[in-house]
Amino acid sequence: MNKVKQTMLTALLSILSLSVRAEPQKPNIVLLFSDDAGYSDFSFQKAVNNNNFLTPNIDNLASQGVRFSQAYVTAAVCGPSRAGLITGKYQQKFGFEENNVPGYMSKSGLDYDDMGLPLNQITLADRLKALGYRTAIFGKWHLGDAERYHPLKRGFDEFIGFRTGSRSYFEYDDKKLPQVPQNEKLEYGFGDYREPKQYMTDFLAEEANQFIERNKDTPFFAFVSFNAVHTPMEAHPDDLAKIKGLSGKRKELAAMTIALDRAVGKILKKLTQLGLDENTIVVYTNDNGGPSDTNASVNFPLSGTKANHLEGGIRVPFIIRWPTKIKGDSSYSHPISTLDLLPTFVTAAGGKISTEDDLDGVNLLPYLNNQTTEVPHPTLFWKKEVRAAVRDGDWKLLRYPDRPAELYNIKLDESELNNLAHKYPEKVRELYKKIFEWELTLERPLWQLKREYEGKAMERMDAYRPAAINVM
């Protein structure tokens, strides 16, 4: 080979090498999703009188990522919130407006195995799998108990968890196991039921870490769907012994939060040990506001709780970390939604989102990287039967079945203590109409709880207003 050919070959190999190196590496994605946590029950939220809720691992994640002060879910209860997240759409568009709790539903709609995420809906896992990702979910599913709704049939390659909304944190013994509903049993993959030998929160972290270890050389999506800190109130005895100065449910919750934080820490440590942390998108958030009556959670300074549309029912802690792409130790103050996770993840993974996808979420990356000065969501909606709410700019209107609508300026009054409806009747009419126009685009609910539970939801809301109520 003469020198000219040798030089040309060397140059060609160099170009090919640069081309290979220039190929962007797809980020791994880890979604850490807790259940029924209170808005202020994390030390990074810097709430008052919260000394017993120390969450060093989640705090560390917050210090390394972006903290969102106005992050919202799409529903104030578990199932619909998850349906919105996993599709990137308002779940009311496809009739998933209420929790699917077999045996508690109205006779006028679906019940038992018929309730689930409609099969014509494309999930986040479907989209990432099509982009070459290995996908897994660990823990709570709550998007349908029947086989046709199973996670392994909705885009996930692996599933270790339970199909329903809650279960014990401890192993069911052989004596009790036959009485446990099938959808509460721990399932490995499809139909392989085996009880955990660890406290559930720790167990889910260990299983997630094994998945990460197995897939460290390929892009992966790990949805770690903790049941912590949902009822039943069952803390590990070792964690309970660490809590001083509290009693009852609040003590149990503090101990369960220790386990949640420990589990998050285990997963973050695994990513670091494998050298994956720099190019892994990690999100921590929660499915709805804390149900202060059932698990003693605190949503201060927000009014309301799980199951209502006050800020305490729909605003949640939210953190994103992606060291190679997003500036850490920062904050973002404009309203965002868990609807945004799907388009953000898909775009980061190299996928495309089109108008034909009919998504309601947006890709957050341009907003976080100062590529746009617009806000992600000028308007956000919530709805459950007659109850509804709209956040339009700084204004928020709440529509009720048993009293006049209420109007708040959230920028000036995030605790929703100063109802301005009487002062701005034109704004009330404008937003009332905006809710109705949105409702006209929605599907009828496929199922609903019995009517009596609407009354209980209003009672719960009234019991936890104003936000100044302190159950510490």
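A quick note: this is a predicted structure, and the numbers were derived from the prediction, not measured.

What counts, and where the lines are drawn
Residues numbered from 1 in each chain as written. Predicted model: local features only at pLDDT ≥ 70, side-chain atom pairs only at ≥ 80, totals over all residues. Heavy atoms only, no water. Buried < 20%, exposed > 50% of the residue type's maximum accessible area, 1.4 Å probe, protein only. Helix = DSSP H or I, 4+ residues; strand = E, 2+ residues; numbered from the N terminus. Arc of directions from axis to C-beta. Contact = heavy atoms within 4.5 Å. Pairing = 2+ DSSP bridges. Polar contact = N/O pair within 3.5 Å; in protein donor to acceptor, adjacent residues only side chain to side chain. Axes fitted to C-alpha atoms, helices over the stretch in contact; angles between N-to-C directions. Phe/Tyr/Trp six-rings, centres within 6.5 Å; stacked < 30°, edge-to-face > 60°. Salt bridge = Lys/Arg side-chain N within 4 Å of Asp/Glu carboxyl O. Parallel < 35°, antiparallel > 145°, perpendicular 65-115°, else oblique. Nonpolar A, V, L, I, M, F, W, Y, C, P; charged D, E, K, R; others polar.

Undergrad: Is there a simple way to explain helix H2 (residues 56-64) in this structure?
TA: Residues three or four positions apart in an α-helix share a direction because the helix packs 3.6 residues into each turn. Burial in H2 covers these residues: Ile 58, Leu 61 and Ala 62. Across the axial projection of H2, the buried residues extend over an arc of 100°, all falling on one side. Looking at the packing, one finds that the buried side of H2 touches strand S2 (66-68), helix H7 (248-273), strand S9 (280-286) and strand S11 (318-321).

Undergrad: Could you clarify how one ought to interpret the sheet that holds strand S3 (residues 71-72) in this entry?
TA: In a beta sheet, neighbouring strands are held together by backbone hydrogen bonds and run either parallel or antiparallel to one another. What the 3 strands build is an open sheet, ordered S10-S3-S13; its pairing is mixed. One side of each edge strand has no neighbouring strand; the edge strands of this open sheet are strand S10 (315-316) and strand S13 (336-337). Sheet topology places S3 next to S10; 2 bridges connect them, and they run antiparallel. Bridging from a neighbouring strand, Ala 71 pairs with Val 316 of S10.

Undergrad: How should I be thinking about the side chain of Asn 279 in this particular structure?
TA: Topologically, Asn 279 is positioned in the loop between H7 and S9. Within the structure, Asn 279 has its side chain in polar contact with the backbone oxygen of Lys 26 (distance 3.4 Å). In this structure, Asn 279 is in contact with Gln 25, Lys 26, Pro 27, Asn 28, Trp 322 and Thr 324, ignoring residues within four places of it in sequence.

Undergrad: Please clarify how unusual backbone geometry should be interpreted in this entry.
TA: Glycine aside, the phi torsion of most residues is negative, and most peptide linkages are trans. In the segment running from Thr 231 into Pro 232, the intervening peptide bond is cis, with an omega of 5°. Along the polypeptide, Pro 232 turns up in the loop between strand S8 (220-225) and helix H6 (237-240). Look at the link from Phe 300 to Pro 301: it is a cis peptide, with omega at 5°. Tracing the backbone through its elements, the reader meets Pro 301 in the loop between helix H8 (292-295) and helix H9 (311-314).

Undergrad: Please explain the sheet that holds strand S12 (residues 330-332) as it appears in this structure.
TA: Strand order in the open sheet made by the 10 strands is S7-S6-S5-S4-S8-S1-S9-S11-S2-S12, with mixed pairing throughout. Strands with a single pairing partner mark the edges of an open sheet, and in this sheet they are strand S7 (192-193) and S12. Where S2 meets S12, 3 bridges bridge the pair, whose relative direction is parallel. Bridge pairing links Val 66 to Ser 330 in S12. With respect to the sheet, helix H5 (residues 200-214) is in contact with strand S4 (134-140), strand S5 (158-162), strand S6 (187-188) and S8, its orientation differing from that of S4 by roughly 175°.

Undergrad: Any chance you could explain the packing of aromatic side chains here in plain terms?
TA: One pair of aromatic rings is described through two measures. These are the centre distance and the angle between the planes. Summed over the entire model, instances satisfying the criterion amount to 21 aromatic pairs. Here Phe 68 and Phe 318 contribute two aromatic rings whose centre-to-centre distance is 5.0 Å and whose plane-to-plane angle is 80°, an arrangement assigned as edge-to-face. Of this pair, Phe 68 sits in strand S2 while Phe 318 sits in strand S11; the two residues are 250 residues apart in sequence, bridging distant segments of the chain. Neither Phe 68 nor Phe 318 differs from the other in exposure class; each is buried.

Undergrad: It is not clear to me how the pattern of salt bridges should be interpreted in this structure. Could you clarify?
TA: Opposite charge on two side chains makes pairing possible when the charged atoms of those side chains draw close. What the rule picks out here adds up to 43 salt bridges. When the shortest N-O distance is used, the salt bridge between Arg 451 and Glu 385 registers 2.5 Å. With Arg 451 in the loop between helix H12 (425-439) and helix H13 (452-463) and Glu 385 in the loop between strand S14 (379-384) and strand S15 (387-392), the pair connects residues that are 66 residues apart, well separated along the chain. With a relative accessible area of 63%, Arg 451 lands in the exposed category. For the salt bridge of Lys 434 with Asp 392, the shortest nitrogen-to-oxygen distance reads 3.1 Å. Here Lys 434, found in helix H12, pairs with Asp 392, found in strand S15; they are 42 residues apart in sequence, far enough to count as distant. Taking relative accessible area as the criterion, Asp 392 reaches 15% and is therefore assigned buried. The network of salt bridges with shared partners includes Glu 98, Lys 384, Glu 385, Arg 387, Arg 451 and Glu 454.

Undergrad: Honestly, the pairing of strand S1 (residues 28-34) in this entry has me stumped. Any pointers?
TA: Consecutive side chains of a regular strand alternate in pointing toward one face of the sheet and then the other. Counting buried positions along S1 yields 7 of 7 residues, so the element is predominantly enclosed. Here S1 shows a buried face lined by Asn 28, Val 30, Leu 32 and Ser 34 and a second buried face lined by Ile 29, Leu 31 and Phe 33. The sheet contact formed by S1 and S9 spans 7 bridges and is parallel. Each residue of the ladder has a partner; that of Leu 32, found in S9, is Tyr 284.

Undergrad: Would you take a moment to explain the side chain of Asp 41 for this structure?
TA: With respect to the helices and strands, the residue Asp 41 is situated in the loop between S1 and H2. Of the polar contacts made by the side chain of Asp 41, one reaches the backbone nitrogen of Val 298; its length is 3.1 Å.

Undergrad: What is the right way to look at the pairing of S14 in this model?
TA: In terms of residue burial, S14 counts as a mostly covered element, since 5 of its 6 residues are buried. Pairing between S14 and S15: 6 bridges, direction antiparallel. In the strand pairing of S15, Lys 384 is matched with Arg 387. The antiparallel hairpin formed by S14 and S15 contains 2 residues in its connecting segment, where Glu 385 sits at a positive phi of about 55°.

Undergrad: Can you walk me through the packing of H5 against H7 in this structure?
TA: Each pair of packed helices can be described by the angle between their axes along with the distance between the axes. Interhelical geometry of H5 versus H7 gives an angle of 10° and a closest axis separation of 9 Å. The pairing of H5 with H7 is recorded here as roughly parallel in orientation. For the pair H5 and H7, the contacting residues are Thr 201, Asp 202, Ala 205, Glu 206, Ala 208, Asn 209, Ile 212 and Glu 213 in the first and Ala 259, Leu 260, Arg 262, Ala 263, Lys 266, Ile 267, Lys 270 and Leu 271 in the second. For the contact of H5 with H7, the residue count by class is 8 nonpolar, 2 polar and 6 charged.

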